[in-house]
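For reference, the chains in residue letters:
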Amino acid sequence: MPSLNFTSGEDPLSLDRIRSVLVRLEDTIIFSLIERAQFAHNPRIYQQDAFKELTDLGFHGSWLEWFLKEIEFFHAKARRYTSPDEYPFSADLPEPVLPPLDFPTILYPNKINANPSILSFYTNAIVPRITRRATLALAAQKRAHGITGSAEFEDDGNYGSAATLDVEVLQSISKRVHYGKFVSESKFAENPAAFIPHILKRNREALEGLITKPEVERKLLVRLHKKASTYAQDIVGDGEAPVNGVSGKTSASSKIDVDCVVDLYESYIIPLTKEVEVDYLLCRLEGLSQEEINNLSKSKTS
Ligand SMILES: C=C(O[C@@H]1C=C(C(=O)O)C=C[C@H]1O)C(=O)O
């Protein structure tokens, strides 16, 4: 999964470098959604206490939350969450077995974690749409075998595969959204005086107006539609005569609901990223003296 290299010595607050990671994360998110879309919805894995096998183990939550807990428990011991761009979904994780890497201090201390919102919109609004094609195909198969009952139609039993792929999607969306902190620090560092009065007045609307770049968002959505449309095609290349100089032909079928991918960004990922940016700004002056704030107001990197 794409990430800034925090130990390379390059400027971690270059907005161009940060945005290039966001662009690469688009590919990661699209491809992981394509993989998840191969399996049916399997709504049972998102329901609380739906597996007696888990409650018998003393775990209360959904199958997916159990997957997250088990995976993140190990990753925490491998010091994944000491990295400034990694945020867990689970609470009460163990300390790392290794000492943390000596990352440069880039972000201002904060406890912002938007993962509960990400888990909610992904399981409630995205999974049902992304898996609709596989679910309809399953329903047709089951009807042909005389099976009825809608709950049956959405369940292909691939609970492990579905949850494994859900975790990959969730981790890539989480990284993408929390990169909003680096974007926000970069914008603040460039011109602190523009932000400080609104931070002091807790003016979320003014801060959101300052961090919002409509042209960047517009270009992103156009690029995202092109990527999702292209990646969703089946390129059949074996032995096919080249078509217009390109070997292989594209199938009409699409491996993913392209409009859903665009809506995921437009309605969920971009708004939540901006919420993280504003939340980060609102804690950016915490603990600073009036003199330190005054000095910040006079500093400007551009
Ligand atoms: C991430 C940025 O900040 C905002 C959020 C964006 C997004 O989530 O894609 C894009 C532009 C800005 O409105 C940025 O300026 O690049």
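Residues numbered from 1 in each chain as written. Predicted model: local features only at pLDDT ≥ 70, side-chain atom pairs only at ≥ 80, totals over all residues. Heavy atoms only, no water.

Chemist: I'm lost on the layout of surface pockets in this one. Help?
Modeler: Of the pockets and cavities examined, the largest pocket occupies roughly 480 Å³. For the largest pocket, the lining is made up of 24 residues, of which Tyr 81, Ser 83, Glu 86, Tyr 87 and Asn 110 are closest to its centre. Looking at the lining of the largest pocket, its residues break down into 14 nonpolar, seven polar and three charged. For the lining of the second largest pocket, the elements supplying multiple residues, two or more each, are helix 1 (15-36), helix 8 (180-190), helix 11 (214-231) and helix 12 (258-282). (1 Å grid on protein atoms, 1.4 Å probe; cavity = no way out; pocket = protein on both sides within 12 Å on 5 of 7 lines; lining within 4 Å. Points joined across faces, edges and corners; volume = space filled by probe spheres on them. Nonpolar A, V, L, I, M, F, W, Y, C, P; charged D, E, K, R; others polar. Helix = DSSP H or I, 4+ residues; strand = E, 2+ residues; numbered from the N terminus.)

Chemist: So what exactly am I meant to see when it comes to the site of the ligand here?
Modeler: Around the ligand, the structure places 15 residues, and the nearest of them are Arg 19, Arg 176, Lys 187, Glu 217 and Glu 277. One of the side-chain nitrogen or oxygen atoms of Arg 19 is found 2.6 Å away from an oxygen atom of the ligand. A total of 360 Å² of accessible area belongs to the ligand in isolation, and the protein chains cover 99% of it. Because more than half of its atoms lie within 2 Å of the grid, the ligand is assigned to the second largest pocket. Only helix 1, helix 8, helix 11 and helix 12 provide two or more residues apiece to the shell around the ligand. (Near = heavy atom within 4 Å. Polar contact = N/O pair within 3.5 Å; in protein donor to acceptor, adjacent residues only side chain to side chain. Areas by Shrake-Rupley, 256 points an atom, 1.4 Å probe, with all protein chains shown as cover. Sits in = over half its atoms within 2 Å of the grid points.)

Chemist: I would appreciate a short explanation of the environment of Ala 91 in the present structure.
Modeler: Among the secondary structure elements, Ala 91 is positioned in the loop between helix 3 (63-77) and helix 4 (115-130). Here Ala 91 falls in the partly exposed class, since its relative accessible area comes to 48%. Ala 91 sits 191 residues away from Leu 282 along the chain, and the two C-alpha atoms are 24 Å apart. (Buried < 20%, exposed > 50% of the residue type's maximum accessible area, 1.4 Å probe, protein only.)

Chemist: Would you explain the nonpolar core in this entry?
Modeler: One broad rule of soluble globular proteins: the nonpolar side chains tend to lie buried together. Counting residues in hydrophobic clusters, the biggest one holds 65 residues, and the most contacted among them are Leu 33, Phe 121, Tyr 122, Ile 126 and Ile 173. Those elements that place two or more of their residues in this core are helix 1, helix 3, helix 4, helix 7 (159-178), helix 8, helix 11 and helix 12. With eleven residues, the single largest contributor to this core is helix 12. Among all residues touching Tyr 122, those that are not within four sequence positions of it are Leu 33, Arg 36, Val 127, Asp 166, Val 169, Leu 170 and Ile 173. (Core = buried A, V, L, I, M, F, W, Y, C linked by side-chain atoms within 4.5 Å. Contact = heavy atoms within 4.5 Å.)

Chemist: I'm lost on the packing of aromatic side chains in this one. Help?
Modeler: Aromatic ring pairs are defined here through the distance separating the ring centres and the angle between the ring planes. Tallying each qualifying case throughout the model produces ten aromatic pairs. Summarising the aromatic geometry, the rings of Phe 51 and Tyr 159 are spaced 5.3 Å apart at their centres and angled 80° between planes, so their arrangement reads as edge-to-face. With Phe 51 in the loop between helix 1 and helix 2 (52-55) and Tyr 159 in helix 7, the pair connects residues that are 108 residues apart, well separated along the chain. The interplanar angle of 40° and the centroid separation of 5.0 Å between the aromatic rings of Tyr 179 and Phe 182 together place this pair among those described as tilted. Taken individually, Tyr 179 and Phe 182 each receive the classification buried, so the pair is uniform in this respect. The rings of Phe 51, Trp 63, Trp 66, Phe 67 and Tyr 159 are connected pair by pair, giving a single aromatic cluster. (Phe/Tyr/Trp six-rings, centres within 6.5 Å; stacked < 30°, edge-to-face > 60°.)

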